[in-house]
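Geometric and topological summary
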Amino acid sequence: MIYFFPYQSWENLSSGQEKRSEKQEIKKTREVLRMAESEQTLWVPLRLSLTNAEFGLDKIWDEIGTSEETRRKERDAILESLLETVHKYVEKAHEQRDALEGGVKATLKDCFDICERTGISTVPLHAFANNVGKSLLLRQAEVEGILTSLKEEEESRMKVQRELYGRVISLCREMEMGMEKKPASLSNREMEILRARIEELENMQAKRLQTEKEIARDIKLLWKELGIVVGKEQSGAGWRQSDELDRRIASFAVRPSESEIARMEERREVLRQEKERRIIVLKEYAQQITVLWDKLGVSQEGN
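Here, residues in each chain are numbered from 1, in the same order as that chain's written sequence. With pLDDT at 70 or above as the cut-off, local features in this predicted model cover only qualifying residues; side-chain atom pairs require 80 or more to be listed or tallied, and sums for whole chains, interfaces and linings still use all residues. Excluded from the side-chain calculation are hydrogens and water; included are all heavy atoms of the structure.

Turning next to the packing of aromatic side chains. For any two aromatic rings, the description comes down to two numbers: the centre-to-centre distance and the angle of the planes. When the centres of two rings from Phe, Tyr and Trp lie within 6.5 Å, Trp using its six-membered ring, the rings pair. Their planes under 30 degrees apart give stacked, over 60 give edge-to-face, and anything left gives tilted. Per the stated rule, a full pass over the model turns up 0 aromatic pairs. Its guanidinium or amino end placed over the ring of F128, R139 lies 4.8 Å from that ring's centre, counting from NZ or CZ. Ring-over charges, as used throughout, are those where CZ of Arg or NZ of Lys falls within 6 Å of the ring centre and within 35 degrees of the ring normal.

Quick look at the structure:
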């Protein structure tokens, strides 16, 4: 809607015709301001202000006796000053708009980056990017809210991943396996892969511990048969003293690694050979004793 104001022309003002009273001018100003507020535009009050300014200037110029040429120059200067002021505000508004647009785009890019790292669907982000009907301030507030939520989700996933990956590393170290590569992303798929790997490693660890438990049982039985006490000085030809592996077996503090199993199997085999060696020696001694008994005419009954 366009508002027309009953203002006086420059000529009429200069001649002093159709002047309103101060009370009428105030009433009219209030009415125009109310209309301006309802229309939410600066042009209505600006036009009113210019009209009043025009009235005031012409009145003063009449009193001074300013020439028309001077008045024209003054009006041109006023117009140029007004246009310059408006231009500054327009430029400021452009800068604000550009800054908001840049901020929205940068924040949206951060959102896409998080989605790429976490494997979260970007469909809602594309929908937001294509919905340009809202104001930039509203879009900025919305995208910042989205970014905050995504950051919280990313942090939560990072925490879970650290725990899962830490468990994988711990199991690998316990079983003396090579370090496994850290997952490339925080996606649900990568999390499931980690959980599956943990289950696989834990099963492997359980099987190794069971194998070591069986070997340790055999070794302890051989110790008992051979009269070996771990940590005690041993005597006998060719027999070595207890070492760290013996102490780990005794307390079953063995490591669930393939190399540990291999060392335990080797130790068990050494003990079996020692047992066989002693059995052979005992048989030889028995044969020698039997020969001596025969020579001495000692009856073997009851012996």
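There's more to say after this.
On to helix α8 (residues 244-251), then. Buried, partly exposed and exposed residues are distinguished by accessible area as a fraction of the type maximum, computed with a 1.4 Å probe on protein chains only: under 20%, between the cut-offs, and over 50%, respectively. The way it works is that DSSP assigns letters per residue, a run of H or I at least four long becomes a helix, a run of E at least two long becomes a strand, and they are numbered from the N terminus. Restricting attention to buried positions, one finds in α8 the residues L245, D246, R248 and I249. In a view along the axis of α8, the buried residues occupy a sector of 165°, so they form one face of it. Buried residues along α8 sit against α7 (188-226) and α9 (258-296). Backbone geometry just after α8 places F252 at a positive phi near 50°. Directions from the helix axis toward the C-beta atoms define the arc. Working rule for contacts: check all heavy atoms of both residues, and any pair within 4.5 Å makes them a contact.

Moving on, we come to the pattern of salt bridges. It is possible for side chains bearing opposite charge to pair when their charged atoms get close. A side-chain nitrogen of Lys or Arg and a carboxyl oxygen of Asp or Glu constitute a salt bridge if their distance falls within 4 Å. A complete count under the given rule lists 29 salt bridges for this structure. Here K88 makes a salt bridge to E84, at a shortest N to O gap of 4.0 Å. With K88 and E84 both in helix α4 (residues 68-118), this residue pair falls 4 residues apart, about one helical turn. For E84, a relative accessible area of 45% translates into the label partly exposed. Here R217 and D218 are joined by a salt bridge, their closest N and O atoms 4.0 Å apart. Taking relative accessible area as the criterion, R217 reaches 56% and is therefore assigned exposed. Judged by its relative accessible area of 21%, D218 is partly exposed.

Moving on, we come to the packing of α7 against α8. The geometry of α7 relative to α8 is characterised by a closest axis approach of 10 Å and an angle of 105° between their N-to-C directions. With respect to α8, the axis of α7 lies roughly perpendicular. Along its contact with α7, which presents A216, I219, K220 and W223, the element α8 presents D246, I249 and A250. Ten residues, namely Ala, Val, Leu, Ile, Met, Phe, Trp, Tyr, Cys and Pro, are considered nonpolar, four, namely Asp, Glu, Lys and Arg, are considered charged, and the remaining ones, Gly among them, are considered polar. In the contact of α7 with α8, the residues fall into 5 nonpolar, no polar and 2 charged. With axes taken as lines fitted to C-alpha atoms, and helix axes fitted only over the stretch in contact, angles between N-to-C directions fall between 0 and 180 degrees. If an angle is under 35 degrees, it is roughly parallel; if it is over 145, roughly antiparallel; if it lies from 65 to 115, roughly perpendicular; otherwise it is oblique.

Each residue carries a pLDDT score, the predictor's own confidence in it, on a scale running from 0 to 100. The predicted model of the protein chain has a mean per-residue pLDDT of 81, with 78% of residues at 70 or higher. Below a pLDDT of 50 lies the segment residues 1-20, which in the model reaches 33 contacts outside its immediate sequence neighbourhood of four places, other chains included.

The next thing to look at is the side chain of S257. Inspection of the secondary structure puts S257 in the loop between α8 and α9. Note on S257: relative accessible area 1%, which makes it buried. Every residue in contact with S257, bar those within four places of it in the chain, is listed here: E174, M175, E176, R208 and E212.

This paragraph deals with a nonpolar patch on the surface. Together, L282, Y285 and I289 line one region of the surface with nonpolar side chains, adding up to about 310 Å² of accessible area. Relative to the assigned elements, L282 resides in helix α9. What makes a patch is a set of residues exposed beyond 30% relative accessible area and free of salt bridges, joined within 9 Å when like-charged and within 5 Å when nonpolar (Val, Leu, Ile, Met, Phe, Trp, Tyr). Per-residue accessibility takes into account occlusion by the displayed protein chains alone, with areas from the Shrake-Rupley method and a 1.4 Å probe.

The subject of this paragraph is the state of the cysteines. Disulfides are defined in this document as cysteine sulfur pairs within 2.5 Å. This model, assessed by the stated rule, comprises 0 disulfides. Of the cysteine sulfurs around C111, a residue in no disulfide, the closest is that of C115, at 6.9 Å. Looking at C111, the relative accessible area reads 0%, which means it is buried.

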